[in-house]
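Report on the structure
Listed below, chain by chain, are the residues.
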Amino acid sequence: MKIDNFVNKIIQWDCIENLKKIPDKSVDLIFADPPYNMQLKNELYRPNNSKVDWVFDNWDKFDSFEDYDTFCISWLKECKRILKDSWAIWVIWSYHNIFRVWNIMQNLWFWVLNDITWYKTNPMPNFLWTRFTNATETLLWCSKWEDYKKYTFNHKLMKKYNWDRQMTSVWQIWLCIWNERIKWEDWKKAHSTQKPEELLKRVILSTTKKWDIVLDPFFGSWTTWAVAKKLWRNFIWFEREEKYIKIAQKRIDSIKHEIEEASWVEEPKESQIKVPFEDLVKNNLIKEWDVLYTKKRYDKKAKILKNWLLEYEKTVWSIHKIWALIQESPSCNWWKFWYVFKDNKVLLLDEIRQKYIKQFITI
Ligand SMILES: C[S@@+](CC[C@H](N)C(=O)[O-])C[C@H]1O[C@@H](n2cnc3c(N)ncnc32)[C@H](O)[C@@H]1O
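Residues numbered from 1 in each chain as written. Predicted model: local features only at pLDDT ≥ 70, side-chain atom pairs only at ≥ 80, totals over all residues.

1. Notes on the nonpolar core
The condition that has to hold: As used throughout, a nonpolar core is a set of buried Ala, Val, Leu, Ile, Met, Phe, Trp, Tyr and Cys residues joined through C-beta atoms within 7 Å of each other. To sort residues by exposure, count the other C-beta atoms lying within 10 Å of each residue's C-beta; 20 or more gives buried, 12 or fewer gives exposed, and values between give partly exposed, all with C-beta atoms placed from the backbone. In DSSP terms, a helix is any run of H or I states spanning at least four residues, a strand is any run of E spanning at least two, and both are numbered starting from the N terminus. Any residue pair is listed as a contact if its two C-beta atoms, each placed from the backbone, are within 7 Å.
Counting residues in hydrophobic clusters, the biggest one holds 57 residues, and the most contacted among them are I30, I89 and W90. Sorting elements by how many residues they give to this core places strand 2 (residues 83–93) first, with 8 residues. Those residues in contact with I30 that sit more than four places away from it in its chain are C79, L83, I89 and L215. Counting residues in hydrophobic clusters, the runner-up holds 15 residues, among them A302, L310, W323 and V340.

Pasting the structure below:
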């Protein structure tokens, strides 16, 4: 079947059956929030005898750990097949199974890039007073590659999103409550494990581009779809239970594209690629003994020596250190400050870097 038969359609699907119908290498990102297999046996009551609304759903029940492993292996294998080469997958799990599944994913050759801890600021208390309150879940972000040039990571965007500070792997986000929580007419929760939109927003913003295809094999209450639509991404979803399809009707009309946000989400792929200075020399885009100049007024000069070191006023150092010396500051983007004569033109080093990316790196 063609990928168009799946994209942006609302149909009830079982993912184990239907992932098989998706063509190879056709999806950019997968976010999966599978059944937790919590192995809950008895109902849970608060000290005042009221019943706790927790995950007692049939879809979370498996006969054994082996059963659960077989289930996970089958959908994870299909996910790997349908992801494009630049793929990434995010999977969220609780402590009940995270280490089983981490092991399975590594055996299937998923390369773990980060384990993000979702720290819930308003966790459900431990009503039995028998353990610490569990306040975290783990998201594994994996790619096919260890090499950062080959998967999407919108670093600058996420820094901007995080008040100009690098985002860490601990995400402090509220459990989904109040207006965000989808409810049936009787005010009961529509889905026991609805995830907060903020969580999905960080996942989608950080690792996709506009119009990418995002797939969620376990859709539940449509959180991934809602965020993907807001951020102008295409989506494919699978959800087995009919009752959750009805939630779509509630959510669909309320979701609008977030135009302002979408306008600052895009980061040109070229700007994320790190190019070692020496690669320009090794590939003859600049040469040993070429002279670099600062600004067009040529107020400072440095010569490129063997081993890609620079000589500046009798000091020999790496390009990073020489620039830091000139600037009297450790951090700088020297690509935008050095110029070089090439083919009778004065070129910014960054222009040569862009040329290198076009010629030698597949984006
Ligand atoms: C943990 S919930 C996902 C919650 C969702 N992320 C949200 O924010 O609402 C898992 C969902 O997977 C669905 N599910 C379980 N097995 C499935 C299968 N084989 N195919 C499709 N959906 C399945 C369940 O019905 C449940 O809604």
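Moving on, there is more to tell.
2. Considerations on the site of the ligand
Just so we agree on the cut-off: By definition, a residue lies near a molecule or strand when the C-beta atom built from its backbone is within 6 Å of it. Three residue categories are used. Nonpolar comprises Ala, Val, Leu, Ile, Met, Phe, Trp, Tyr, Cys and Pro, charged comprises Asp, Glu, Lys and Arg, and polar comprises the others, including Gly.
Neighbouring the ligand are 19 residues, the closest being D33, F218, G220, S221 and T223. Residue classes in the shell around the ligand are distributed as 7 nonpolar, 6 polar and 6 charged.

3. Focus on the sheet that holds strand 12 (residues 338–342)
Basically, it comes down to this: Strand pairing is assigned whenever DSSP identifies at least 2 bridges connecting the two strands. Here the axes come from fitting lines to C-alpha atoms, over the contacting stretch only for helices, and the angles between their N-to-C directions go from 0 to 180 degrees.
Ordered by their spatial adjacency, 6 strands build an open sheet running 11-10-9-8-12-13, and the pairing between neighbours is antiparallel. Whereas interior strands pair on both sides, the edge strands pair on one side only; in this sheet they are strand 11 (315–317) and strand 13 (345–348). Each adjacent strand pair in this sheet contributes to an overall mean axis angle of 35 degrees, direction not counted. As defined by bridge partners, strand 8 (residues 291–294) adjoins strand 9 (residues 301–304) across 3 bridges and the pair is classed as antiparallel. Bridging across to strand 9, Y293 finds its partner in K301.

4. Overview of the sheet that holds strand 1 (residues 27–32)
Spatially, 5-3-4-2-1-6-7 is the arrangement adopted by the 7 strands of the open sheet, whose pairing is mixed. Among the strands making up the open sheet, the edge pair consists of strand 5 (170–173) and strand 7 (234–237). Each strand of the sheet is rotated relative to its neighbour by a mean of 20 degrees, with strand direction disregarded. Alignment of strand 6 (residues 213–216) against strand 7, held across 4 bridges, turns out to be parallel. Opposite I213, over in strand 7, you have N234 as the bridge partner. Sheet strands touched by helix 3 (residues 98–107): strand 2 and strand 4 (136–143). Its angle to strand 4, the strand with the most contacts, is close to 5 degrees. Strands strand 1, strand 2, strand 3 (111–120), strand 5 and strand 6 of the sheet are contacted by helix 5 (residues 197–207), whose axis makes an angle of about 140 degrees with strand 5.

5. A closer look at the packing of helix 2 (residues 65–82) against helix 3
Selection rule: Angle categories: roughly parallel below 35 degrees, roughly antiparallel above 145, roughly perpendicular from 65 to 115, and oblique for all the rest. Should the near helix be turned counterclockwise from the far one by less than a right angle, the crossing is left-handed, whereas a clockwise turn marks it as right-handed.
Taken N-terminus to C-terminus, the directions of helix 2 and helix 3 make an angle of 40 degrees; their axes are 10 Å apart at the nearest point. Here helix 2 lies oblique to helix 3, going by the angle between them. Here the hand of the crossing between helix 2 and helix 3 comes out right-handed. The segment helix 2 lies against helix 3, with F65, D69, C72, I73 and L76 engaging R100, V101, I104 and M105. Taken together, the residues of the contact of helix 2 with helix 3 break down into 7 nonpolar, no polar and 2 charged.

6. Description of the pairing of strand 3
Two elements, strand 3 and strand 4, share 8 bridges in a ladder whose sense is antiparallel. Bridging across to strand 4, W111 finds its partner in S143. Where strand 3 lies against strand 5, 4 bridges are found, and the strand directions are parallel. Residue T117 lies in a different strand from strand 5, and its bridge partner there is V170.

7. Some points on the confidence of the model for the protein chain
Keep this limit in mind: Within a predicted model, pLDDT stands for the predictor's per-residue confidence, ranging from 0 to 100.
The predicted model of the protein chain has a mean per-residue pLDDT of 85, with 89% of residues at 70 or higher. Counting contacts from residues 259–267, a segment whose pLDDT is below 50, to residues more than four positions away or on other chains yields 15 contacts.

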